Amino acid sequence: MAGVDACSIAGKFQTPKQRFEVVVVGAGPAGAQAAIDAARDGKHVLLVDENPVAAGLIGLDVPLYYGGRATAAVQNRGRMLEQVFGANPLLEQAFEAGVEVLLGTCAWGAFVNGPGLNALPEPVVGLADEEKSWLCGFERLILATGARDLALSFAGWDQPGVMGANALHALLTRYEAFAGRRIVVLGSGALALSTALLALDQGIEVAAIVEVRDHAQGPAELVARVEAAGVPILTSHVASKARGGADGVETVVLVSTSDPASAPVEIACDTICQAIGLIPAVELLDVLGAKLTFDGARGGHVPALLGETGTSLPNVFVLGDCAGVAVGAAGADYALDWMRALMAAGDPSTIVCQCEEVTQAALLGVKHPAYLGPVSEGMARRDLGALSTDGPINQDQIKRLTRACMGTCQARRCREQVALMLSLSTQTPLSAIPLMGYRAPVRPLPLNVLADAEEGLEMSAGWDVWFGIPSQWIPYQDIGTDREARHVAALGGNMHL
Amino acid sequence: MSGTNGASVVVIGGGVTGLSAAWWLARSGVSVLVLDKGIVGWEASGRNGGGASHYHSPLFHEEQRLWPQMDGLLGYSTEYRRERIIVALTPEQLAHYQYVASMHREFGYRVDDLDARQVREAVPLAGDNAIGGIHVFFGGHANPQRTVQAYAWALQDLGGRIVQHAAVTGIKVEGGRATAVSTTRGEFGLDSLVVAAGPQSGMLLAPLGVDLPLAPARAEMIVTEPAPLMAIGGVDGNGLYGRQTLRGNLAYGGGPHEWIDVDETGPKARPSTPLLRNLSRRVAELLPKAAHLRVIRSWAGVVENTPDGRPVIERLASPENVTITTMSGVGFGLSPASGHAIRDLVLDGACSFADLEKLSLKRFAGLPADWRRERGWEPAVMQAGAAETTVPVAGPNVAE
């Protein structure tokens, strides 16, 4: 007859205390409108948005690349809540439509049964505010999680004042909490040009737009507006370094990519805004086990779409930028062009992973981290080339060996550029480098926030260090002796070592 | 050996046990080839707690003898650190740990009992809820992925070969001996074969008439951002196993496992679950001064268990040139010693340093076919209303 394993996960998860027919993650235009429409359709709807993001996370460049250029205003929770509400008229409509709206609430995971997992009583999304976490059941999950910033490294990028375009948009419009006054924009596509125009509109000085290619990339109309505002567009140039002081960036040094003999240009600025690309925020989809596909024209690793909004999971849908950003036909080539030029103009000692302080040389040399001391003779012979003779390049493997992308920012600042560097250094198409997996929690949350404060007895009663198999831990020489029973009685299935 | 691609010894499985065995064989001058369906150490070998203190095993003394030497022997860092402290929060936990300590002492190893004050002195992140503990002066912990790669590189440095992304499709037997292994990347001839393929080992051996009963399961861990380094990073207790890494991160696992099925290609996915909240709770209880630390990752790994949870390390009677091994979910820490044992079995026919008789497959003779069902070790049936059974619903009726 069938036995019961008291230590297995079967029956351990309680049904969630909160449940909605529709849960929408992200209250941007796409998500908020979806929530309103679902509520008007008679559905019981929850709309969560992580804004206002806690100041501590902003300091970690989570979820966007704020680059240390948020003002102290972000520490005023009440003011930020008013800002977020005031900046998004759809939120009031959502309240009126009967949507349950939770601001300052992030979705750190989402879980459905599938291959290798059958233990969930129902599909759940993991939510958290600053004090606690909880699980919320759903029938339909709509992800409108937007996009985050593509960050690329150059000497001096690891100081306050180097940031991303989406973060600048957020600080200027959603929070009104941007600390910079004079910016240089890297990139000249539609994203970069609209970012420059927004900054000008907000009274920020735009010292220059820098383009690695030989002509501005964005629509002619935007180029004309930027030029009319007197902003120079330096084409065939790339940042070689940022100089700065205690408060971060003070100048950016630009070098020509077409004329090595020409003198570097140094421009005074307090902020260097990277507006080269956006990355669809697919973290929750990967945690869910939804199928992702590489599409350079849509911003890299994006959901495999079923129709316009469906995913490979029947009850999970995507809307807005997380479904793919319109990069255009050039696709990933544009980011590769930038990365190639930055590497050529830069220095192998440049930090690539800021959290773990991994240099470009250590990454491409597949060296162990500095805290393990000098590399051995054998390690000195190892590099990316040697590793690639063993098999196709895998970013997850290189992450574990070098620690690049293993830090507290959860690789938001280095995930894509490491892939670009691996692609360029091994002549591997970017599309052939497997996605480095996203893992829950997709926001870095404290142990005491994530902790299940209302854990059920079924979980604690059946908790064992390992598998709870008493015979596993009997000392070998005692197997088959009368000491066996005594050990089983004392140890249960536990070893505790 | 047959086939030009082969080697004197072919090892199926580039996990920590197979790689250690291959490295030991290469140290003896044997031509050796490791086949893996994916990347070395990609399953449980590279994603476990890293503990190296297994008093219950016949390989225990060899494990303890070898670990302090491994960085030097391999030529690459494993991040090995000696000693452990086990912190008790309840009288039951303390009694349990003290019982374990008494067994260690019987083996002749030093373990000190700690009172609450001594625990807090030795473990700066512990709190007032600690009532005592034990300090183990042997054992320790290492970095799993770094150690697996160290074995792989050390093996290559000795002239051994590793072929990754080569899934084994069959073992060729002629005249009562294994002669070659067929893979998705061709056939490899051999004089001797080592099967160390984790959960897949049973399926690979079945066509040879060898019944190796294994049940695969998924287990989970979490990791925090770095904390200031404690003098002894091997700290656990409170229902957890784990360690502080040399970088400072707290990496912990424990709690319920999920029985699953895998096929010859291995796990289809390794999802982690909301269990990370229950793990977070226990880490915050164990180390209250770290409760503010942010969790930055979780992950799951798939391990296999035999019916009694004990390893099988055995050279078969037939085919007599085949040595099989499963460490039944406890393989990482014992790997320096298990590799040595396998080397001895392959080359000499017997282990030179330990008796392995009680780990023979013959203990499972007469095991009923439905042994997994008897133990409740079968995968759960998909719950009603769960994702994959949901009837497709209409998409949201909105434009972007």
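The structure displayed is predicted, hence computed values, not measured ones. Once a new chain begins, its residue numbering starts again from 1 and follows that chain's sequence as written. Labels follow written order: the first chain is A, the first ligand is 1, and so on. It should be noted that, the model being predicted, local features are given only for residues of pLDDT at least 70 and side-chain atom pairs only at 80 or more, the latter also being counted only at that level, while totals for whole chains, interfaces and linings use all residues. No hydrogens and no water enter the side-chain calculation; it runs on all heavy atoms of the structure.

Looking now at the overall build of chain B. Each helix and strand counted, chain B has 10 helices and 17 strands in total. C-alpha atoms define the radius of gyration in this analysis, and the globule rule sets the expected value at 2.2 Å times the number of residues to the power 0.38. Its C-alpha atoms give chain B a radius of gyration of 22 Å, within 12% of the compact-globule value 21 Å for 400 residues. Its C-alpha atoms put chain B at 70 × 65 × 45 Å along the principal axes. Counted over contacts in chain B with a minimum sequence separation of 6, partners at least 24 positions apart contribute 72%. Put simply, chain B shows about 13100 Å² of open surface, and 51% of that area lies on carbon and sulfur atoms. Measuring between centres, the 36 positive side-chain charges of chain B sit 4 Å from its 40 negative side-chain charges. Here a helix means four or more residues in a row that DSSP labels H or I, a strand means two or more in a row labelled E, and each is numbered from the N terminus. Contacts are assigned to residue pairs that have any heavy atoms within 4.5 Å of one another. Reported accessibility uses the Shrake-Rupley method at a 1.4 Å probe radius. Residues are deemed covered only where the shown protein chains occlude them. For this count, His and the chain ends are skipped, Lys and Arg are scored as positive, and Asp and Glu as negative. A single reference atom marks each charge: NZ on Lys, CZ on Arg, CG on Asp, CD on Glu.

Moving on, we get to helix 7 (residues 220–228) of chain A. Residues and elements named next belong to chain A. The buried label applies to any residue whose accessible area, calculated with a 1.4 Å probe on protein chains only, is under 20% of its type's maximum; exposed applies above 50%, and partly exposed to all values in between. For helix 7, the complete set of buried residues consists of Leu222, Val223 and Val226. Considered in projection along helix 7, the buried side chains sweep an arc of 100 degrees and stay on one side of the axis. Turned more than 90 degrees away from the buried face of helix 7, the exposed residues are Ala220 and Ala228. The inward-facing, buried residues of helix 7 abut helix 6 (190–201), strand 10 (205–210) and strand 11 (233–234). Here, the arc refers to the directions that run from the helix axis to the C-beta atoms.

This paragraph deals with the nonpolar core. One finds Phe154, Leu186, Ile272 and Trp338 of chain A together with Leu19 and Leu356 of chain B to be the most contacted residues of the largest nonpolar core, which totals 114 residues. For this core, the element with the highest residue contribution is helix 9 (residues 332–345) of chain A, accounting for 9 residues. In contact with Leu356 of chain B, not counting residues within four places along its chain, are Tyr476 of chain A together with Pro58, Leu59, Ile313, Ala341, Leu345 and Cys351 of chain B. Ranked by size, the runner-up nonpolar core spans 75 residues in total, among them Trp108 and Met459 of chain A together with Leu250 and Ala290 of chain B. Working definition of a nonpolar core: buried Ala, Val, Leu, Ile, Met, Phe, Trp, Tyr and Cys residues. They are joined through side-chain atoms within 4.5 Å.

Residues and elements named next belong to chain B. For strand 9 (residues 186–195), the tally of buried residues reaches 7 of 10 residues, placing the bulk of the element in the interior. Here strand 1 (residues 7–12) pairs with strand 9 via 5 bridges, running parallel. If you follow Val11 over to strand 9, its bridge partner there is Val194. Strands qualify as paired when DSSP identifies two bridges or more between them. Of the pairings in the sheet, the one linking strand 8 (residues 177–183) to strand 9 comprises 4 bridges and is antiparallel in character. Bridging across to strand 9, Ala180 finds its partner in Gly189. Relative to strand 17 (residues 322–326), strand 9 is paired through 3 bridges, and the arrangement is parallel. Of the residues in strand 17, the one forming a bridge with Val195 is Ile324.

As a further point, take the state of the cysteines. A covalent bond between the sulfur atoms of two cysteines is referred to as a disulfide. Residue and element names in this part refer to chain A. Criterion for a disulfide: a pair of cysteine sulfur atoms within 2.5 Å. For the structure shown, the criterion picks out 0 disulfides over all chains. Considering cysteine sulfurs only, Cys414 is the nearest to Cys405, which forms no disulfide, with 3.5 Å between them. Residue Cys414 is classed as buried on the basis of its relative accessible area of 1%.

The next subject is the packing of aromatic side chains. Whether two aromatic rings pair depends on their centres lying within 6.5 Å, for rings of Phe, Tyr and Trp, where Trp uses its six-membered ring; planes under 30 degrees apart make the pair stacked, over 60 edge-to-face, and the rest tilted. Enumeration according to the criterion identifies 17 aromatic pairs over all chains in this entry. Each ring, one from Tyr65 of chain A and one from Trp157 of chain A, has its centre 6.4 Å from the other, and the planes form 70 degrees; the classification is edge-to-face. One end of the pair, Tyr65 of chain A, is in the loop between helix 2 (55–59) and helix 3 (77–87); the other, Trp157 of chain A, is in the loop between strand 7 (147–149) and strand 8 (162–164), and 92 residues separate them in sequence. There is no split in this pair, since Tyr65 of chain A and Trp157 of chain A are both buried. The interplanar angle of 75 degrees and the centroid separation of 5.6 Å between the aromatic rings of Phe60 of chain B and Phe138 of chain B together place this pair among those described as edge-to-face. Here Phe60 of chain B, found in helix 2 (residues 60–66), pairs with Phe138 of chain B, found in strand 5 (residues 132–141); they are 78 residues apart in sequence, far enough to count as distant.

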